[in-house]
Amino acid sequence: AAGGPPAGASTPGGANASGGMTPKTPLTQISKTLQSRPNFKKTRPAASLGVQSDQDKTSHMGEQSRVKFQFWRILVLTAVLSSTLSFAIDNFTFIYGMWRIQFTNATNITGLLGVTCANVIMVLVARLIVRTTMECEGSGFPEMKAMLFGHVLDNYLTLRVLFIKAIGLAMLVSAGLPVGKEGPNCHMAACIAKNLDPEFIKKRQQSAAGSSQITKLILAACAVGVGASFSAPIGGVIFSLELMLPQVYDHTSYWGCFASGIFGSLTYEVLRSWTAGSTGLLPLISTNVAAGEGAQSHYPLCRLLLDVTLGAICGFLGGHWITMHAKFAKAFKDWRLKGVKPAAPVPAGAEPLLGTAKKRNMCGKIWNFQWRDLFLCALVTALNTVWAGYLPLLNGKPQPLLISNLFDKNLMMETDTWVLPQLGVVGTLMACLAMKWFMTIMSLSLSMPTGVVAPTMIIGALIGRTYGFLIPDSIKDILLTNTAGEPGNEEEYGAFMARFAIIGAASFCAAVCRAFAMAITVFEVLALPGAVLPLCSATLTAIFVANQVELPFFDKNLAGRGLGGIPALTFTDHAEAPAFSIMKKIDVFKDCLMWKTRLFDMHEILKAQPDTKYFAVVRPIDDGDAVLMGSMSRAQVDKIISSLDPDGNKPETPVDLMDPELQRPADGSDPLIEGCPPHVSPSTLVREVYLIMKVAHGENIVYVTRDGCLLGSITFASLMNSKV
C-alpha cells in the first residue's frame, strides 16, 4: 500500500485507485484519433501523396519546399518594392506640394493663376497617359475584391498597368486634388507580385492549390498597400481582411499579410528616416497631443457620450456621402461618354471593371480627343485650386501636412492665420468642410487613379473640429475639469478639440469604407492611450449607422458595375438567406439529361436551351422526382455526341451516362461527366454556397437537393451578379 499510487490516480489501463475507469472526454477521443493518423508528410506513404515510390515522394516534398520558398520570396520582395514605390510617390508629391502652397492663396492672384494653370496641365497630361490603359482608373480595391471573389481579370496586373498607374497617381496627387493613394498602392503591389516571377504565377494558376497561393499574394498586397501608406502594419492587415470578407483564410494568409505589412512598413520608415532631413516628409497621420492630454475628465461617461454622438453623425454623413458620390460619378460618366460609340465586347476575363478597352495604338489612344473628358479634369482641378486658395486653412497643403494641422492642439491658438474674419471660426471650418466634401466627390468621380481613405479622413477631421466648436463652452469647462476639480488650461482645451478631429477622422473614414481597421490604424500610429475607448466606440457607432443608410464605398462601386452579389454577400441579409430562395428551379424532365438517354435527346436539349452551360444528369423515381446522378457541361455533351455519332446518322443510339468509362476514361483523358457534383440542402445559407464554390476553385454550379432529389441550381455568375 505504501508503494501504490495515490488515491484517485489513474493506472496505465485507465483504472483509478478505487477500481473505476477514468472517464473518457471528447478531447480524449479526438486526441486518440489524431495520434492514430499520419500527421506529417514525412510519415505518410508515397501512395497517399499521389506518387509511386519513396524516391518520387522525396522529389515531391522537395518541390513543395521550393514552391513555399518562392512564395515567401515573392511576398517579401513585393513588400519591399511596393513600399519603395510608395515612398517615391509620397516624396515627389510632398516636395511639389510644399512648393505649391507658396502660390495657392488669394493674396497673390498672379501666383494663384500660375499654380492653377500648372495643376491643370499636370492633370490633363496624367489623364492622357491614363487613358491608354483603362485598368489604371479608379481605386483598385473594388477590382481586387472582385478578383478574390472569383471574377478573374487577366489584363489587370500587368507591368504596363503598374507604371501608368504610378505615374498618373503621382501627378494627380501633386496637382493638389483630394485623392488618396491607399487603393492604388494595393493595386500596384499586386502588379509587382504577379510580375516578379511570371512563370511561378502561370504554373500556380493551373491547380487549385496554386490558385490559393495567388489569392494569398493578392491579399498580402492589400495589407502592404495600406500598411506602408500609414506605417501601420497591424491596421493594414485588418483592413485588408475586413474588405475581403467573406473569404476562407488559413495561417499562411494570416501570417503572410502580417509579414508583408511589417516588411513594407519597415522599408518605408527606413527610407523616410534617411531623407527626413532633406525633404521633411511627414507621416500621413501625426499629432502633437500628448498621452492623456485633453482626455482626463471628472465626467468620463459624458465625454464618451459626446464621442459616440460624433460617431453617429459621421456614420449618417458618411452613408449619404457615398450616395452623393455615386450620383456624381454617374452624372460625370454619362456626360463624358455622351456621343461616344460603345466599344465592342471583349472576352470574359479580359475586361476591366471600369469599362472595355479600345483597340488602338498608343498614339491613337493618347490623341483620341474627347473634349468632355479633358474638360471635366480641367474644371475640377481649377475649381479645387482656386477654392483652396481662398481658404488659408487648406491653402493647397499636402495631405500629411493638412492632417497634421487638423490634429494639432495649437490650431486654436493660431486662429488669426487661418480664420476668415467675415465667417468666423465655425463658418471657416464649415466652408473648408464644404470644399473638401464636394471636391473629394468630384475628384473621385474622374477616370483617374484615386484612393478614398486619406481624403475622407480629412473630411472627418473637419467634421470633428466643427462638432467640437458647436459644443457650448459651459459643457467644455465641465468636461475639462479634472478629478481634482481643477479647470483645464489652454493646452488642455486645444488637445480636447484635437481629439474630436482624430475621432471624427477615424469614424467618417470607417463609415465610408466600413472598416473598423481605421480606428486601429489611427491608434496604432498616434499611440494615444486615452483614445482607445472613444475611438472604438465612435467607430462602431459610425459603422452601425452607415449600414442603415448605404452600402460601403467599394461595394457600392461593385454593385454599379453588375457585381451586386459581392456586397450582397458581405453587407446585407442576402448572405443569410436559404439557398432555396435564390436557386433557379429545374424541371427534371425538360431541363435535365436522363442517366440512360439517346443521342437524339441530347441534341434536343442543346437546341431547346442554347444559353444553359451545365446540365444535371438524373435518374427518375416513382413519385415524379429525380435523383441527382451527375453533371455535364455543354462542351462535354457536344463531345459525347460527336464521338458516338460523328456523321449524325444514328440519333437513336442509346447512351448510359453512368458508364464508368465516361467518368474515368481508361486513356487518362478528361472525364466527360462529373459523377459527384457539389450539392447542398435547401436550407443551406447563400454565404455557405459561395464558400463551397470558392473552396472548390472553379466550381461554377451547385445543385440544390432534398433527400438526393434535384430541386434547382445556383451558378457562380448568378451569385455574383445578383442585385442588392
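In case you missed it, the structure is sitting above this.
Below is a summary of the structure that appears in this document. Remember, predicted model here, so these are calculated numbers, not experimental data.

Things to note about the overall build of the protein chain
Helix and strand counts for the protein chain come out as 28 helices and 9 strands. By residue count, 51% of the 724 residues in the protein chain fall in the buried class. Nonlocal contacts in the protein chain, meaning residues at least 24 apart in sequence, comprise 76% of its contacts between residues at least 6 apart.

Here we look at helix H24 (residues 599–608)
Residues spaced three or four apart along an α-helix face the same direction, because each turn holds 3.6 residues. When H24 is considered as a whole, its buried residues turn out to be Leu599, Met602, Ile605 and Leu606. What you see down the axis of H24 is that its buried residues fit within an arc of 125 degrees, all on one side. For H24, the exposed residues lying more than 90 degrees away from the buried face are Lys607 and Ala608. Contacts made by the buried residues of H24 are with strand S2 (593–594), strand S3 (596–598), strand S4 (614–620), helix H25 (634–644) and strand S6 (654–656).

Quick notes on the nonpolar core
Core analysis: the biggest nonpolar cluster contains 134 residues, and Phe239, Trp321, Phe407, Val452 and Val453 have the highest contact counts within it. It is helix H18 (residues 490–513) that contributes the most residues to this core, 13 residues altogether. Setting aside its immediate chain neighbours within four residues, Val452 contacts Gly180, Glu182, Trp321, Leu444, Val512, Cys513, Phe553 and Phe554.

Some points on the pairing of strand S8 (residues 701–706)
Within S8, 5 of the 6 residues are buried, which leaves the element mostly enclosed by the surrounding structure. Alignment of strand S7 (residues 679–680) against S8, held across 2 bridges, turns out to be parallel. The residue of S8 that forms the bridge with Val680 is Val704. When S8 meets strand S9 (residues 709–715), the two strands line up antiparallel, connected through 6 bridges.

Digging into the packing of helix H11 (residues 300–336) against helix H15 (residues 424–444)
Across the interface, H11 lies against H15 with an axial gap of 9 Å and an inter-helix angle of 45 degrees. Between H11 and H15, the crossing angle belongs to the class labelled oblique. The element H11 and its partner H15 pack so that their crossing is right-handed. Contact with H11, carried on its side by Leu317, Trp321, Met324, His325, Phe328 and Phe332, involves Trp437, Phe438, Thr440, Ile441, Met442 and Leu444 of H15 and no other residues of that element. Broken down by class, the residue content of the contact of H11 with H15 amounts to 10 nonpolar, 2 polar and no charged.

Details of the packing of aromatic side chains
Under the defined criterion, the tally for this structure stands at 15 aromatic pairs. Measuring from ring centre to ring centre gives 6.0 Å for Trp321 and Phe553, while their planes differ by 35 degrees; the resulting arrangement is tilted. You can see Trp321 sitting in helix H11 and its partner Phe553 sitting in helix H21 (residues 553–559), a full 232 residues away along the chain. Neither Trp321 nor Phe553 differs from the other in exposure class; each is buried. Above the ring of Phe500, the side-chain terminus of Arg303 is found at 5.1 Å from the ring centroid. Sitting over the ring of Trp335, Arg372 keeps its end group 4.8 Å from the ring centre.

A look at a negative patch on the surface
Together, Asp656, Asp659, Glu661 and Asp667 line one region of the surface with negative charge. Positionally, Asp659 belongs in the loop between S6 and helix H26 (660–663).

Focus: unusual backbone geometry
Glycine aside, the phi torsion of most residues is negative, and most peptide linkages are trans. The phi dihedral of Asn395 falls on the positive side, at around 55 degrees, and the residue is not glycine. Structurally, Asn395 is set in the loop between helix H13 (371–389) and helix H14 (399–406). On the basis of relative accessibility, which here comes to 16%, the residue Asn395 falls in the buried class. At Ala527, a position not held by glycine, the phi torsion is positive, near 55 degrees.

Quick notes on the environment of Phe263
Tracing the sequence through the fold places Phe263 in helix H10 (residues 251–279). Phe263 gets classed as partly exposed once you look at its relative accessible area, which sits at 37%. A sequence separation of 186 residues divides Phe263 from Leu77, and the C-alpha atoms of the two residues are 9.0 Å apart. Leave out the neighbours within four places in its chain, and Phe263 touches Val76 and Ala79.

Considering a nonpolar patch on the surface
On the surface, Trp335, Trp371, Phe375 and Leu379 cluster together to form a nonpolar patch covering roughly 400 Å² of accessible area. Among the structural elements, Leu379 can be located in helix H13.

A look at the pattern of salt bridges
Summed over the entire model, instances satisfying the criterion amount to 15 salt bridges. As a salt-bridge pair, Asp197 and Arg73 come within 3.2 Å of each other at their nearest N and O atoms. With Asp197 in the loop between helix H6 (182–196) and helix H7 (198–204) and Arg73 in helix H2 (residues 54–100), this residue pair connects regions lying 124 residues apart in the sequence. The salt bridge partner of Lys556 is Glu550, with a shortest N-O separation of 3.4 Å. One network of salt bridges, in which partners are shared, links Arg127, Arg131, Glu137 and Asp373.

What about the side chain of Arg372?
Its location among the elements puts Arg372 in helix H13. One buried charge, Arg372, has no salt-bridge partner; the nearest side chain with opposite charge is Asp373, at 11 Å. Residue contacts for Arg372: discarding those within four places in its chain leaves Trp335, Arg336 and Lys338.

Observations regarding the packing of H18 against helix H20 (residues 532–549)
Between H18 and H20, the shortest axis-to-axis distance is 8 Å and the interhelical angle comes to 30 degrees. Between H18 and H20 the crossing geometry is right-handed. Residues Ile502, Ile503, Ala506, Ser507, Ala510 and Ala511 of H18 touch H20, and the partners they reach there are Pro534, Leu535, Ala538, Thr539, Ala542, Ile543 and Ala546. Partitioned by chemical class, the residues of the contact of H18 with H20 number 11 nonpolar, 2 polar and no charged.

Things to note about the environment of Thr93
Looking at where Thr93 falls in the secondary structure, it is placed in helix H2. Thr93 gets classed as buried once you look at its relative accessible area, which sits at 9%. Residues Thr93 and Leu172, spaced 79 residues apart in sequence, show a C-alpha to C-alpha distance of 8.9 Å. Not counting chain neighbours up to four residues away, the residues in contact with Thr93 comprise Ala170, Val173 and Ser174. For Thr93, the side chain forms a polar contact with the main-chain oxygen of Asp90, separated by 3.0 Å.

Digging into the pairing of S9
Within S9, 6 of the 7 residues are buried, which leaves it mostly tucked inside the rest of the structure. Across 2 bridges, strand S1 (residues 584–585) lies against S9 in antiparallel orientation. If you follow Lys585 over to S9, its bridge partner there is Gly712. Following S8, the chain reverses through 2 residues before pairing antiparallel with S9; Asp707 in that reversal takes a positive phi of roughly 55 degrees.

Cut-offs applied
Residues numbered from 1 in each chain as written. Predicted model: local features only at pLDDT ≥ 70, side-chain atom pairs only at ≥ 80, totals over all residues. Heavy atoms only, no water. Helix = DSSP H or I, 4+ residues; strand = E, 2+ residues; numbered from the N terminus. Buried < 20%, exposed > 50% of the residue type's maximum accessible area, 1.4 Å probe, protein only. Contact = heavy atoms within 4.5 Å. Arc of directions from axis to C-beta. Core = buried A, V, L, I, M, F, W, Y, C linked by side-chain atoms within 4.5 Å. Pairing = 2+ DSSP bridges. Axes fitted to C-alpha atoms, helices over the stretch in contact; angles between N-to-C directions. Parallel < 35°, antiparallel > 145°, perpendicular 65-115°, else oblique. Left-handed = near helix turned anticlockwise from the far one by under 90°. Nonpolar A, V, L, I, M, F, W, Y, C, P; charged D, E, K, R; others polar. Phe/Tyr/Trp six-rings, centres within 6.5 Å; stacked < 30°, edge-to-face > 60°. Lys NZ or Arg CZ within 6 Å of the ring centre and 35° of its normal. Patch = residues over 30% accessible without salt bridge, like charges linked within 9 Å, V, L, I, M, F, W, Y side chains within 5 Å. Areas by Shrake-Rupley, 256 points an atom, 1.4 Å probe, with all protein chains shown as cover. Salt bridge = Lys/Arg side-chain N within 4 Å of Asp/Glu carboxyl O. Lys, Arg positive; Asp, Glu negative; His and termini not counted. Charge placed at Lys NZ, Arg CZ, Asp CG, Glu CD. Polar contact = N/O pair within 3.5 Å; in protein donor to acceptor, adjacent residues only side chain to side chain.

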